[in-house]
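# Results of the structural survey
Spelled out from the first residue to the last, the chains are:
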Amino acid sequence: MLVSGWICVAGGEFLSTSYRSGGDRLRRRRGVRVRVIEHILEGVEGAEPLYRLVTTILDHDLSPVRELASLDHERWEIETPYGEFREILPGKQQFLWGQGPKTATQEFHAPMLAHFATRKVMREAAAEEGIDPDRLSFSHTVRVLRRLVPIRAALPRRNR
């Protein structure tokens, strides 16, 4: 996305035009009008020092700057579980090898349950220490659990 031509609307807000490519920008074709917002989000733990958003919502009254900045901060929180799933899943790609819907469903649910269990351990540990669970490292928790839970505990015993 290439943004061109800033027009100041209000403090920290600009109107501009976004283009798909440099060629479109040079020819001034297929541009989309956007609102660019720069905002400092104060009083929100973990917030970035400066937010710069680009949106097609041009009406300031419909979506005030602070509201959009707050929502953007919340939106990024969904990215955390995606990264955590990559930590749990073996290898770079995960394929469902099940031969039918039932086994494919089981293969899908396994990492979901592993993620849930890890997060539950984190929540309990944080409660014990009286801190926010977001302050704990998911990767570190996975490493600790891998050391504490030997793989053989999950394997059934064979009759000899």
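Residues numbered from 1 in each chain as written. Predicted model: local features only at pLDDT ≥ 70, side-chain atom pairs only at ≥ 80, totals over all residues. Heavy atoms only, no water.

## Some details on the overall build of the protein chain
Across its full length, the protein chain carries 5 helices and 4 strands. Moving toward the C terminus, one meets the helices and strands of the protein chain in the order β-β-α-β-β-α-α-α-α. The buried share of the protein chain, taken over its 160 residues, is 21%. Within the protein chain, contacts between residues separated by at least 24 positions form 33% of all contacts whose residues are at least 6 apart in sequence. A total accessible area of about 12,500 Å² is found for the protein chain, and carbon and sulfur atoms account for 56% of it. (Helix = DSSP H or I, 4+ residues; strand = E, 2+ residues; numbered from the N terminus. Buried < 20%, exposed > 50% of the residue type's maximum accessible area, 1.4 Å probe, protein only. Contact = heavy atoms within 4.5 Å. Areas by Shrake-Rupley, 256 points an atom, 1.4 Å probe, with all protein chains shown as cover.)

## Observations regarding a negative patch on the surface
Judged by side-chain charge, Glu-74, Glu-77, Asp-132 and Asp-134 come together as a negatively charged surface patch. Positionally, Asp-134 belongs in the loop between helix H4 (101-129) and helix H5 (138-148). Taking relative accessible area as the criterion, Asp-134 reaches 60% and is therefore assigned exposed. (Patch = residues over 30% accessible without salt bridge, like charges linked within 9 Å, V, L, I, M, F, W, Y side chains within 5 Å. Salt bridge = Lys/Arg side-chain N within 4 Å of Asp/Glu carboxyl O. Lys, Arg positive; Asp, Glu negative; His and termini not counted. Charge placed at Lys NZ, Arg CZ, Asp CG, Glu CD.)

## Details of the packing of H4 against H5
Across the interface, H4 lies against H5 with an axial gap of 10 Å and an inter-helix angle of 100°. In terms of axis orientation, H4 runs roughly perpendicular to H5. Here His-115, Thr-118, Arg-119, Val-121 and Met-122 of H4 lie close against H5, whose contacting residues are Phe-138, Thr-141, Val-142 and Leu-145. (Axes fitted to C-alpha atoms, helices over the stretch in contact; angles between N-to-C directions. Parallel < 35°, antiparallel > 145°, perpendicular 65-115°, else oblique.)

## Here's the deal with the pairing of strand E3 (residues 32-39)
Direction of pairing for strand E2 (residues 13-19) relative to E3: antiparallel, over a ladder of 6 bridges. Bridge pairing links Phe-14 to Val-36 in E3. Sheet topology places E3 next to strand E4 (residues 51-55); 5 bridges connect them, and they run antiparallel. Its bridge partner being in E4, Glu-38 is matched across the sheet by Arg-52. (Pairing = 2+ DSSP bridges.)

## Regarding the pattern of salt bridges
Taken as a whole and assessed by the stated rule, the structure comprises 5 salt bridges. A salt bridge links Arg-35 to Glu-13; the nearest nitrogen and oxygen atoms lie 2.6 Å apart. With a gap of 22 residues between them, Arg-35 in strand E3 and Glu-13 in strand E2 connect regions that are remote in the sequence. Each member of the pair, Arg-35 together with Glu-13, is buried. Salt bridges sharing common partners tie together Asp-24, Arg-29 and Arg-30.

## With respect to the side chain of Ser-63
With respect to the element layout, Ser-63 can be found in the loop between E4 and helix H2 (65-76). Residue contacts for Ser-63: discarding those within four places in its chain leaves Arg-35, Ile-57 and Leu-68.

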